[in-house]
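These are the residues of each chain, in order.
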Amino acid sequence: GDSVTQMEGPVTLSEEAFLTINCTYTATGYPSLFWYVQYPGEGLQLLLKATKADDKGSNKGFEATYRKETTSFHLEKGSVQVSDSAVYFCALINSGYALNFGKGTSLLVTP
Amino acid sequence: SAVISQKPSRDICQRGTSLTIQCQVDSQVTMMFWYRQQPGQSLTLIATANQGSEATYESGFVIDKFPISRPNLTFSTLTVSNMSPEDSSIYLCSVEDGPNEKLFFGSGTQLSVL
């Protein structure tokens, strides 16, 4: 079945550092890919998405490119802020409605 | 975008009791989904609820333990029955934004079972 694998955390970075959170997926066909973010004490929010190969999703300085050849959707940000501290989930939808989530990666950004 | 109201936001329950979680959406939606997020874990789909039909449960989840109602296109409930401490988790309601599109999530119900 479909699945999503994310790098394990926690990831700790200093403010203004470069961020990469790796995400790879297994799926047949052409899934849509998503990154969700969960800030402390809050619900899940969509961060960005890509619906076909080579699409780049972007939001709030975060980017991720849908790479079908490597089945990846890595999340990147050039300069993280303390306010980016959260748990990030990679997810996919494939020919259906329910998301398959990765296990989440906790990010802590220190001043 | 859909706005989802979920309640209660948190509860502490005794072993053996049941809790019903309510999910109200501000627009009509075909499918509603119930997820569980155990401490430090990812989200796991419990079931998919369509209006007018029985919910479809994922492997490892059964109707007797997690009965779901879906009386109309804007409302659903999930009951956690005969609770044990292993049921301590965050339960999330969500709705889709269209086929293969993003999901909107409620703020979740944090359940602690003593």
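Calculation rules
- Residues numbered from 1 in each chain as written.
- Chains lettered and ligands numbered in written order.
- Predicted model: local features only at pLDDT ≥ 70, side-chain atom pairs only at ≥ 80, totals over all residues.
- Heavy atoms only, no water.
- Helix = DSSP H or I, 4+ residues; strand = E, 2+ residues; numbered from the N terminus.
- Rg over C-alpha atoms; globule rule 2.2 N^0.38 Å.
- Buried < 20%, exposed > 50% of the residue type's maximum accessible area, 1.4 Å probe, protein only.
- Pairing = 2+ DSSP bridges.
- Axes fitted to C-alpha atoms, helices over the stretch in contact; angles between N-to-C directions.
- Contact = heavy atoms within 4.5 Å.
- Buried area = accessible area lost by both parts, 1.4 Å probe.
- Salt bridge = Lys/Arg side-chain N within 4 Å of Asp/Glu carboxyl O.
- Polar contact = N/O pair within 3.5 Å; in protein donor to acceptor, adjacent residues only side chain to side chain.

**Here's the deal with the overall build of chain A**
When its secondary structure is counted, chain A shows 0 helices and 12 strands. Overall, chain A shows an N-to-C arrangement of helices and strands of β-β-β-β-β-β-β-β-β-β-β-β. By the compact-globule yardstick of 13 Å for 111 residues, chain A fits well, its C-alpha radius of gyration being 13 Å. Across the 111 residues that make up chain A, the buried fraction comes to 45%.

**A short note on the sheet that holds strand β3 (residues 19-25) of chain B**
Sheet strands pair via backbone hydrogen bonds, and the direction of the pair is either parallel or antiparallel. All names here are of chain B. An order of β1-β3-β8-β7 is seen for the 4 strands of this open sheet, with the pairing classed as antiparallel. This sheet does not close on itself; its edge strands, each paired only once, are β1 (4-7) and β7 (68-72). Adjacent strand axes in the sheet meet at a mean angle of 15° when their direction is disregarded. Here 3 bridges tie β7 to strand β8 (residues 75-80), and the two strands are oriented antiparallel to one another. Looking across to β8, one finds that Asn72 is bridged to Phe75.

**Side note on the interface of chain A and chain B**
Tallying the contact residues gives 21 residues for chain A and 18 residues for chain B. Carbon and sulfur atoms supply 59% of the area buried between chain A and chain B, which totals about 1600 Å² over both sides. If you look at where chain A meets chain B, you find 0 salt bridges. The interface formed by chain A and chain B holds 3 residue pairs in polar contact (both at pLDDT 80 or more) in total.

**Some thoughts on the side chain of Ser89 of chain B**
Locating Ser89 of chain B in the fold gives a position in strand β9 (residues 89-96). Contacts of Ser89 of chain B, omitting those with residues within four sequence positions, involve Arg36, Gln37, Gln38, Thr109, Gln110 and Leu111 of chain B.

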